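# A structural walkthrough
Here's the letter readout for the chains.
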Amino acid sequence: MCGIIASIFKNQAVLPFLLEGLKKEEYRGYDSCGVAIIEPHKIHIQKEIGRIEKLKEHLFTSSSKVGIGHTRWATHGKNNLNNAHPHISNKGLFCLVHNGTIYNYQEIKEDLLNKGYLFYSQTDTECIVNLLEHFYLQCGDILSSLNELDKTLKGTYVLCILFKEENRIYFLKKSTPLMLGKSKNGLHLSSDMRALELATDYLDIEDNEYGFIDENHYEIYKAQKRIEKKLYKIQKEKEDTNQVIPSFYMEKEIHEIPMVIDRIIKHYQNDFDIKIKEVIKKANNLIFVGSGTSYHAALRGSLYFENKNVQVILASEFDLNSIKNDNALYIFLSQSGETLDVLKVLEKVSHYDTLGISNVANSSLLRKCKYALEMKAKEEVAVASTKAYVAEVLLLYLLAKGINQNTLQNLKDIQQEIKDHLLHQEKILSIAESIKNKENAYFLAKGKDIYLCKEASLKLKEVTYIHSECLFAGELKHGPIALLEKDFPIFFITSLKNKENLNSAIEEVTAREGIPYIFTYDEHNPLGYLPLITDFFLLSFHLAKMRKKDVDKPRNLAKSVTVD
Ligand code: M6R
């Protein structure tokens, strides 16, 4: 799950652009990073453990116009320099960066070891670069070697490749996204649209396509046949020129929730596209798909579709054989629109009606779904998703209930309540202060409130590293109560109306000197629980800060999970 950027410029040095691009892709993984450039008859590589800023500090200078870059989220092998990308082949002919996972790499490695190849890393990627070199030394042709490589590799892969003797960048793609961009300065490849900032036009490289870019043109092949593909204009949103870099994006993004509500109201007040309304109206069966926070938003938001048959499926657990209704509308939720688990489901069901909901206009999800809706939450930078959760739930609410005076008023009322919660954080801060040294917490609820607990619990563990679990309140006594001890924090979430249903669980907690924190909301407004989730976002943020954790980039995580 990595970010890839590759560029060939006509008249300017490539390194600064690679660094800029990698910075934008850092959300895809930040274990290590690296770049490689072509200098006459030589490939020059530099890698660093950790962030792009560190690479920048120690980077060599070069006026080379051809280069590739990578930011890594470790899958195969520890996070060390040997395992960082780019990887170079034994004879130094090829150097490449890879995003994806090779399932048959052990087999390939053994075969190459028998042929005398040496390996210096524990990665699957090093097998690819050596296999490519091996094919090339047999046939003397890079494009044919790429076709061979595509036939041999099993798994997911986007590769951008330098060949020592040419000012070209070769590529090959299977299952994870790769875009080709054209700008007035040159040609570019990237796993992510946002790293293609200079580009004015783009095209998607599809599965099993390979080819190359040079400074003026590109060639694309599939199974040894050249294919013509046209470029599309990139639609760009106006830049916000007043952007100040905040101390913590997570905090900034939580505070932007009221603004997100405004944006949704403004953008959708004249109703959704008629085609989207019709497809929802005619569908009796809705299947929601998402991962992590987006899955939690789907669980809560899908409840608004009271008169439909609804299934909510975790993208990573999707199994087409278990889908009972053949005739369904698939609704995909993904902040980034690049989550591979989600895109893989989309691939399997693309012959059905599909609606993508994402925060990124040019994301793979929105490009590939038949119908597309933008969340309008504006870029979410912190790895922990906050404002996007709110946007997802609101869009599902509006899709289910329709856009009318009543539903819009509910949004406005809830916006006001959220503003009040953001202004009065004293209680949240004092809870954070009292539990900042704890290592465990439980979130308890009954019925549909469990979906909020799931999100609150995920957020807490994600940024504070406090172990937390989400449980049905009635289940506490059936086992989890064993962990309770003095001052163990337990968060209860309930609507005011159902509060007394939690009484016995609260008693069980106090009897064991645990500390119950009871959070209630008013169900008068069908969105009444959103101010509470804002409180839990804030609680996680303050705790992470008090515990001196990397709030915006928690360890082991990435903003967009592009491996399966
Ligand atoms: O971009 P997506 O919404 O598809 O991402 C899905 C999850 O990876 C994501 O929500 C993850 O759980 C967040 N880090 C949670 O804060």
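Computed from a predicted model, the values in this text were never measured in an experiment.

Attention now goes to the packing of helix α4 (residues 125–139) against helix α5 (residues 142–152). At their nearest, the axes of α4 and α5 sit 9 Å apart, and the two run at 130° to each other. Regarding the angle of α4 to α5, the classification is oblique. Considering only the axes of α4 and α5, their crossing is right-handed. Contacts between α4 and α5 involve Ile128, Leu131, Leu132, Phe135, Tyr136 and Cys139 from the first element and Ile142, Ser144, Ser145, Leu146, Glu148, Leu149 and Thr152 from the second. Its residues assigned to classes, the contact of α4 with α5 comprises 9 nonpolar, 3 polar and 1 charged.

In this section: the state of the cysteines. As used in these notes, a disulfide is a covalent bond between sulfur atoms, one from each of two cysteines. All chains considered together, the criterion is met by 0 disulfides. Cys33 supplies the cysteine sulfur nearest to Cys2, a cysteine that is in no disulfide, at a spacing of 11 Å. You can call Cys2 buried: its relative accessible area is 5%.

So, on to the packing of helix α9 (residues 292–301) against helix α12 (residues 387–401). Where α9 meets α12, the axes come as close as 9 Å, and the angle between the chain directions of the two elements is 30°. Relative to α12, the element α9 lies roughly parallel. Considering only the axes of α9 and α12, their crossing is right-handed. Contact residues: Thr293, Ser294, His296, Ala297, Ala298, Arg300 and Gly301 in α9; Tyr389, Glu392, Val393 and Leu396 in α12. Classifying every residue of the contact of α9 with α12 by side-chain character gives 5 nonpolar, 4 polar and 2 charged.

What follows concerns the environment of Leu187. Mapped onto the fold, Leu187 is located in strand β10 (residues 186–190). On the basis of relative accessible area, Leu187 is assigned to the buried category, the value being 0%. Residues within four places of Leu187 in sequence aside, it is in contact with Ala6, Ser7, Ile8, Leu180, Gly181, Lys182, Ile213, Asp214, Glu215, Asn216, His217 and Tyr218.

In terms of domain boundaries, the protein chain breaks down into domain 1 (3–233), domain 2 (249–423) and domain 3 (424–553). One C-alpha centre belongs to domain 1, the other to domain 3, and the line joining them spans 44 Å.

Moving on, we come to the site of the ligand. Taken together, 15 residues sit near the ligand, with Ser294, Ser334, Ser336, Thr339 and Glu462 positioned nearest. Within the backbone of Thr293, an N or O atom sits 3.0 Å from an oxygen atom of the ligand. Side-chain polar atom of Ser336 to an oxygen atom of the ligand: 2.6 Å apart, as the coordinates give it. For the ligand, whose unbound accessible area comes to 420 Å², protein coverage reaches 92%. Broken down by secondary-structure element, the contributors of at least two residues to the shell around the ligand are α9 and α15 (450–464). Looking at the shell around the ligand, its residues break down into 4 nonpolar, 9 polar and 2 charged.

Now for the pairing of strand β7 (residues 155–163). Within β7, 9 of the 9 residues are buried, which leaves the element mostly enclosed by the surrounding structure. Residues Gly155, Tyr157, Leu159, Ile161 and Phe163 of β7 are buried on one face, and the alternating residues Thr156, Val158, Cys160 and Leu162, pointing to the opposite face, are buried as well. Of the strand pairs in this sheet, strand β6 (residues 94–102) and β7 are connected by 9 bridges, and their pairing is antiparallel. If you follow Gly100 over to β7, its bridge partner there is Tyr157.

Another aspect to go through is the pattern of salt bridges. Overall, the coordinates contain 28 salt bridges when judged by the stated rule. Of the charged contacts in the structure, one is a salt bridge between Asp207 and Lys173, with a shortest N-O distance of 2.6 Å. With Asp207 in the loop between β11 (201–204) and β12 (209–213) and Lys173 in strand β8 (residues 169–174), this residue pair connects regions lying 34 residues apart in the sequence. With respect to burial, Asp207 and Lys173 carry one shared label: buried. Between Asp353 and Lys282 there is a salt bridge, with its nearest N and O atoms 3.4 Å apart. With Asp353 in strand β19 (residues 353–358) and Lys282 in helix α8 (residues 274–282), this pair connects stretches of sequence that are 71 residues apart. Taking the relative accessible area as the measure of exposure, Asp353 reaches 16% and is therefore buried.

Calculation rules
- Residues numbered from 1 in each chain as written.
- Predicted model: local features only at pLDDT ≥ 70, side-chain atom pairs only at ≥ 80, totals over all residues.
- Heavy atoms only, no water.
- Axes fitted to C-alpha atoms, helices over the stretch in contact; angles between N-to-C directions.
- Helix = DSSP H or I, 4+ residues; strand = E, 2+ residues; numbered from the N terminus.
- Parallel < 35°, antiparallel > 145°, perpendicular 65-115°, else oblique.
- Left-handed = near helix turned anticlockwise from the far one by under 90°.
- Contact = heavy atoms within 4.5 Å.
- Nonpolar A, V, L, I, M, F, W, Y, C, P; charged D, E, K, R; others polar.
- Disulfide = S-S within 2.5 Å.
- Buried < 20%, exposed > 50% of the residue type's maximum accessible area, 1.4 Å probe, protein only.
- Domains from an automatic or database assignment.
- Near = heavy atom within 4 Å.
- Polar contact = N/O pair within 3.5 Å; in protein donor to acceptor, adjacent residues only side chain to side chain.
- Areas by Shrake-Rupley, 256 points an atom, 1.4 Å probe, with all protein chains shown as cover.
- Pairing = 2+ DSSP bridges.
- Salt bridge = Lys/Arg side-chain N within 4 Å of Asp/Glu carboxyl O.

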